[in-house]
Amino acid sequence: TLAPVAMDPIAALECAANWVVKGDYLPLAFAIVTHMMLGMVWYGPLFGRLFMALAHPEGIDHSKDDNPWLYICAMAGAVVSNLCIHAVVVATHAQNDIASMTAIALAVILVDFTANIRQPLFEHRPVQITLIHQLYHASAAAMAVFYFAFLSGTSAEASG
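Residues numbered from 1 in each chain as written. Predicted model: local features only at pLDDT ≥ 70, side-chain atom pairs only at ≥ 80, totals over all residues. Heavy atoms only, no water.

Caption draft 1: View of the side chain of Gln-134. Relative to the assigned elements, Gln-134 resides in helix α7 (residues 127-151). Apart from residues lying up to four places away in sequence, Gln-134 is in contact with Asp-112, Phe-113 and Asn-116. (Helix = DSSP H or I, 4+ residues; strand = E, 2+ residues; numbered from the N terminus. Contact = heavy atoms within 4.5 Å.)

Set out below in C-alpha coordinates:
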(Lines give C-alpha, C1' and ligand atoms only; values in the text may rest on other atoms or scores of the structure.)
Protein backbone atom coordinates (compact mmCIF):
# COMPACT_ATOMS: atom_id res chain seq x y z
CA THR A 1 0.00 0.00 0.00
CA LEU A 2 1.05 3.56 -0.55
CA ALA A 3 1.88 5.66 2.48
CA PRO A 4 0.09 9.01 2.51
CA VAL A 5 2.32 11.88 1.52
CA ALA A 6 2.20 14.83 3.89
CA MET A 7 2.69 17.98 1.87
CA ASP A 8 3.34 21.26 3.63
CA PRO A 9 2.64 24.08 1.14
CA ILE A 10 5.24 26.38 2.71
CA ALA A 11 7.88 23.65 2.61
CA ALA A 12 6.94 22.92 -1.01
CA LEU A 13 7.41 26.61 -1.93
CA GLU A 14 10.74 26.73 -0.07
CA CYS A 15 11.80 23.55 -1.85
CA ALA A 16 10.86 25.01 -5.23
CA ALA A 17 12.72 28.25 -4.44
CA ASN A 18 15.81 26.26 -3.41
CA TRP A 19 15.66 24.32 -6.65
CA VAL A 20 15.41 27.50 -8.73
CA VAL A 21 18.45 28.98 -6.96
CA LYS A 22 20.58 25.84 -6.61
CA GLY A 23 18.74 23.62 -9.03
CA ASP A 24 20.05 20.72 -10.98
CA TYR A 25 18.67 21.69 -14.38
CA LEU A 26 20.09 18.71 -16.25
CA PRO A 27 17.13 16.37 -15.51
CA LEU A 28 14.70 19.11 -16.60
CA ALA A 29 16.61 19.74 -19.82
CA PHE A 30 16.83 15.99 -20.44
CA ALA A 31 13.07 15.58 -19.89
CA ILE A 32 12.24 18.48 -22.23
CA VAL A 33 14.54 17.24 -25.00
CA THR A 34 13.28 13.65 -24.77
CA HIS A 35 9.68 14.91 -24.67
CA MET A 36 10.30 16.72 -27.97
CA MET A 37 12.19 13.75 -29.47
CA LEU A 38 9.38 11.40 -28.47
CA GLY A 39 6.93 13.75 -30.23
CA MET A 40 9.03 13.71 -33.41
CA VAL A 41 9.03 9.91 -33.47
CA TRP A 42 5.42 9.58 -32.26
CA TYR A 43 3.89 11.96 -34.82
CA GLY A 44 6.47 11.02 -37.47
CA PRO A 45 7.32 7.43 -38.34
CA LEU A 46 5.26 5.79 -35.58
CA PHE A 47 1.77 7.29 -35.96
CA GLY A 48 2.24 10.22 -38.37
CA ARG A 49 0.47 8.78 -41.42
CA LEU A 50 -2.45 7.41 -39.40
CA PHE A 51 -2.79 10.65 -37.46
CA MET A 52 -2.77 12.82 -40.59
CA ALA A 53 -5.24 10.52 -42.37
CA LEU A 54 -7.64 10.74 -39.42
CA ALA A 55 -7.18 14.44 -38.72
CA HIS A 56 -7.22 15.60 -42.35
CA PRO A 57 -9.01 13.06 -44.57
CA GLU A 58 -9.33 15.72 -47.29
CA GLY A 59 -5.56 16.31 -47.33
CA ILE A 60 -3.49 19.19 -46.01
CA ASP A 61 -1.72 22.20 -47.47
CA HIS A 62 1.97 21.55 -46.72
CA SER A 63 2.97 25.08 -47.70
CA LYS A 64 2.12 26.14 -44.12
CA ASP A 65 4.45 23.56 -42.52
CA ASP A 66 7.22 26.14 -42.02
CA ASN A 67 5.29 28.04 -39.34
CA PRO A 68 7.76 28.49 -36.44
CA TRP A 69 4.89 28.98 -33.97
CA LEU A 70 4.11 25.26 -34.22
CA TYR A 71 7.52 24.43 -32.79
CA ILE A 72 7.56 27.31 -30.30
CA CYS A 73 4.19 26.21 -28.86
CA ALA A 74 5.29 22.57 -28.73
CA MET A 75 8.48 23.52 -26.88
CA ALA A 76 6.58 25.81 -24.48
CA GLY A 77 4.17 22.97 -23.71
CA ALA A 78 7.06 20.59 -23.03
CA VAL A 79 8.75 23.14 -20.75
CA VAL A 80 5.61 23.97 -18.74
CA SER A 81 4.41 20.38 -18.36
CA ASN A 82 7.85 19.15 -17.29
CA LEU A 83 8.27 22.03 -14.82
CA CYS A 84 4.91 21.15 -13.26
CA ILE A 85 5.74 17.44 -13.03
CA HIS A 86 9.13 18.26 -11.51
CA ALA A 87 7.50 20.52 -8.92
CA VAL A 88 5.16 17.71 -7.85
CA VAL A 89 8.01 15.18 -7.61
CA VAL A 90 10.09 17.55 -5.49
CA ALA A 91 7.21 18.81 -3.32
CA THR A 92 6.09 15.28 -2.46
CA HIS A 93 9.64 14.02 -1.81
CA ALA A 94 9.14 11.25 -4.36
CA GLN A 95 12.81 10.99 -5.31
CA ASN A 96 13.98 7.38 -5.30
CA ASP A 97 10.59 6.10 -4.11
CA ILE A 98 9.16 3.88 -6.83
CA ALA A 99 5.65 3.71 -5.32
CA SER A 100 5.33 7.49 -5.04
CA MET A 101 6.74 8.01 -8.52
CA THR A 102 4.29 5.52 -9.98
CA ALA A 103 1.38 7.19 -8.16
CA ILE A 104 2.43 10.62 -9.45
CA ALA A 105 2.83 9.33 -13.02
CA LEU A 106 -0.60 7.68 -12.91
CA ALA A 107 -2.20 10.82 -11.45
CA VAL A 108 -0.71 13.03 -14.18
CA ILE A 109 -1.78 10.57 -16.87
CA LEU A 110 -5.34 10.26 -15.50
CA VAL A 111 -5.78 14.03 -15.15
CA ASP A 112 -4.61 14.58 -18.71
CA PHE A 113 -6.72 11.72 -20.05
CA THR A 114 -9.93 12.75 -18.28
CA ALA A 115 -9.45 16.38 -19.34
CA ASN A 116 -9.11 15.44 -23.01
CA ILE A 117 -11.25 12.35 -23.58
CA ARG A 118 -14.30 14.51 -24.23
CA GLN A 119 -12.72 16.10 -27.32
CA PRO A 120 -13.76 13.49 -29.86
CA LEU A 121 -17.32 13.60 -28.54
CA PHE A 122 -17.76 17.37 -28.73
CA GLU A 123 -15.60 18.01 -31.78
CA HIS A 124 -16.92 15.02 -33.76
CA ARG A 125 -13.41 13.75 -34.42
CA PRO A 126 -12.30 10.13 -34.59
CA VAL A 127 -11.49 8.79 -31.12
CA GLN A 128 -8.23 7.34 -32.49
CA ILE A 129 -6.81 10.88 -32.76
CA THR A 130 -7.37 11.46 -29.04
CA LEU A 131 -5.94 8.05 -28.17
CA ILE A 132 -2.78 8.81 -30.18
CA HIS A 133 -2.44 12.14 -28.34
CA GLN A 134 -3.16 10.67 -24.92
CA LEU A 135 -0.72 7.79 -25.29
CA TYR A 136 1.95 10.32 -26.29
CA HIS A 137 1.23 12.52 -23.27
CA ALA A 138 1.13 9.50 -20.97
CA SER A 139 4.50 8.28 -22.24
CA ALA A 140 6.10 11.72 -21.89
CA ALA A 141 4.68 12.22 -18.38
CA ALA A 142 5.82 8.82 -17.16
CA MET A 143 9.31 9.40 -18.56
CA ALA A 144 9.50 12.82 -16.88
CA VAL A 145 8.48 11.52 -13.46
CA PHE A 146 11.12 8.83 -13.54
CA TYR A 147 13.82 11.18 -14.87
CA PHE A 148 13.17 13.68 -12.11
CA ALA A 149 13.04 11.08 -9.41
CA PHE A 150 16.23 9.27 -10.39
CA LEU A 151 18.33 11.99 -12.00
CA SER A 152 17.65 14.87 -9.59
CA GLY A 153 20.36 14.60 -6.99
CA THR A 154 20.05 18.28 -6.06
CA SER A 155 16.26 18.05 -5.78
CA ALA A 156 16.57 15.28 -3.21
CA GLU A 157 19.02 17.42 -1.21
CA ALA A 158 16.86 20.55 -1.55
CA SER A 159 13.76 18.76 -0.35
CA GLY A 160 15.46 17.27 2.71
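There is more to say, and it comes next.
Caption draft 2: Here's a closer look at the packing of aromatic side chains. Using the criterion set out here, one finds four aromatic pairs in the structure. Taken together, the ring pairs in this structure connect Trp-42, Tyr-43, Phe-47, Phe-51 and Tyr-136 into an aromatic cluster. (Phe/Tyr/Trp six-rings, centres within 6.5 Å; stacked < 30°, edge-to-face > 60°.)

Caption draft 3: Spatial organisation of the nonpolar core. Counting 16 residues, the largest nonpolar core has Ala-31, Ile-85, Val-89, Ala-144, Val-145 and Phe-148 as its most contacted members. Looking at this core, the elements with two or more residues in it are α2 (26-46), α4 (68-91), α5 (98-116) and α7. Among all residues touching Ile-85, those that are not within four sequence positions of it are Val-108, Ala-141, Ala-144, Val-145 and Phe-148. Counting residues in each nonpolar core, the second largest holds eight residues, with Phe-51, Ile-129, Tyr-136 and Ala-140 among its members. (Core = buried A, V, L, I, M, F, W, Y, C linked by side-chain atoms within 4.5 Å. Buried < 20%, exposed > 50% of the residue type's maximum accessible area, 1.4 Å probe, protein only.)

Caption draft 4: Just the side chain of Thr-130, in detail. For Thr-130, the position within the fold is in helix α7. On the basis of relative accessible area, Thr-130 is assigned to the buried category, the value being 1%. Setting aside residues no more than four positions away along its own chain, Thr-130 makes contact with Asn-116, Ile-117, Gln-119, Pro-120 and Arg-125.

Caption draft 5: Layout of the layout of surface pockets. Approximately 340 Å³ is the volume found for the second largest pocket. The wall of the second largest pocket is formed by 16 residues, among which Val-108, Ile-109, Asp-112, His-137 and Ala-141 lie closest to the centre. Looking at the lining of the second largest pocket, the elements that each hand over two or more residues are α4, α5 and α7. Looking at the lining of the second largest pocket, the element that brings in the most residues is α7, giving seven residues. (1 Å grid on protein atoms, 1.4 Å probe; cavity = no way out; pocket = protein on both sides within 12 Å on 5 of 7 lines; lining within 4 Å. Points joined across faces, edges and corners; volume = space filled by probe spheres on them.)

Caption draft 6: Focus on the environment of Ala-53. With respect to the element layout, Ala-53 can be found in helix α3 (residues 48-55). Relative accessible area serves as the criterion here: at 48%, Ala-53 is assigned to the partly exposed category.

Caption draft 7: Seen up close, a nonpolar patch on the surface. Taken together, the side chains of Phe-30, Ile-98, Phe-150 and Leu-151 make up a nonpolar region of the molecular surface, amounting to roughly 400 Å² of accessible area. Among the secondary structure elements, Leu-151 is positioned in helix α7. On the accessibility criterion, Leu-151 (43% relative accessible area) is partly exposed. (Patch = residues over 30% accessible without salt bridge, like charges linked within 9 Å, V, L, I, M, F, W, Y side chains within 5 Å. Areas by Shrake-Rupley, 256 points an atom, 1.4 Å probe, with all protein chains shown as cover. Salt bridge = Lys/Arg side-chain N within 4 Å of Asp/Glu carboxyl O.)

Caption draft 8: The packing of α5 against α7, seen in detail. Close contact between α5 and α7 brings their axes to 9 Å; oriented N to C, the two are set at 155°. In terms of axis orientation, α5 runs roughly antiparallel to α7. Crossing geometry of α5 relative to α7 is assigned as right-handed. Of the residues in α7, those in contact with Ile-98, Met-101, Thr-102, Ile-104, Ala-105, Val-108, Ile-109, Asp-112, Phe-113 and Asn-116 of α5 are Thr-130, Leu-131, Gln-134, His-137, Ala-138, Ala-141, Ala-142, Val-145, Phe-146, Ala-149 and Phe-150. Partitioning the contact of α5 with α7 into residue classes produces 15 nonpolar, five polar and one charged. (Axes fitted to C-alpha atoms, helices over the stretch in contact; angles between N-to-C directions. Parallel < 35°, antiparallel > 145°, perpendicular 65-115°, else oblique. Left-handed = near helix turned anticlockwise from the far one by under 90°. Nonpolar A, V, L, I, M, F, W, Y, C, P; charged D, E, K, R; others polar.)

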